[in-house]
Amino acid sequence: MSRGTNVWVRLNPPNTFYSIDTPRELLRVVEGLLTDNVLFVVLFTKRKWSGTTLVTRGERPAQEAGESARLISWSGKHDRRLRATPGGRSPARR
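These numbers come from a predicted model, not from an experiment.

A word on the sheet that holds strand E4 (residues 48-56)
Then comes step 1: If you walk across this open sheet you meet the 4 strands as E4-E3-E5-E6, and the pairing is antiparallel. The strands lining the two open edges of the sheet, one partner per strand, are E4 and strand E6 (80-82). The average angle at which neighbouring strand axes cross in this sheet is 20°, direction not considered.
Then comes step 2: The pairing of strand E5 (residues 67-72) with E6 spans 3 bridges and is classified as antiparallel. Across the sheet, residue Leu-71 finds its bridge partner in E6, namely Arg-80.

So this is what it looks like as structure tokens:
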């Protein structure tokens, strides 16, 4: 897609990046971000970055036990923080 290098979507806040695999995925992710239908999720364990993923608006991100999350939208209207979960949830995460 980019002549042997990786393509990433990235916002300004630290650790808000996401690897893109195909041109179709790039269009889908950028459109979702610009319309606030897709949010970045930055995960932290004991205040240290532990991962980044994307979720659709209204979807709760997968969090491991003790992991907190910061949801970041393009417009800022849907930004929020989710406290660490004591028991944790661990659905598959990219």
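Re the packing of aromatic side chains
Then comes step 1: Following the criterion strictly, the structure yields 2 aromatic pairs and no others.
Then comes step 2: With 5.6 Å between their ring centres and 75° between their planes, Trp-8 and Phe-17 make a pair best called edge-to-face.
Then comes step 3: The exposure class of Trp-8 is partly exposed, given its relative accessible area of 46%.
Then comes step 4: Taking the centre distance of 5.8 Å and the plane angle of 50° together, the rings of Phe-17 and Trp-49 count as tilted. Pair noted here: Phe-17 is in strand E2 (residues 17-20) and Trp-49 is in strand E4, with a separation of 32 residues, a long-range link.
Then comes step 5: In this structure Phe-17 comes out as partly exposed when scored by relative accessible area, which is 22%.
Then comes step 6: Site record: aromatic cluster; members linked through ring pairs are Trp-8, Phe-17 and Trp-49.

Definitions and cut-offs
- Residues numbered from 1 in each chain as written.
- Predicted model: local features only at pLDDT ≥ 70, side-chain atom pairs only at ≥ 80, totals over all residues.
- Heavy atoms only, no water.
- Pairing = 2+ DSSP bridges.
- Helix = DSSP H or I, 4+ residues; strand = E, 2+ residues; numbered from the N terminus.
- Axes fitted to C-alpha atoms, helices over the stretch in contact; angles between N-to-C directions.
- Phe/Tyr/Trp six-rings, centres within 6.5 Å; stacked < 30°, edge-to-face > 60°.
- Buried < 20%, exposed > 50% of the residue type's maximum accessible area, 1.4 Å probe, protein only.

Shape descriptors only; they carry no functional weight alone.
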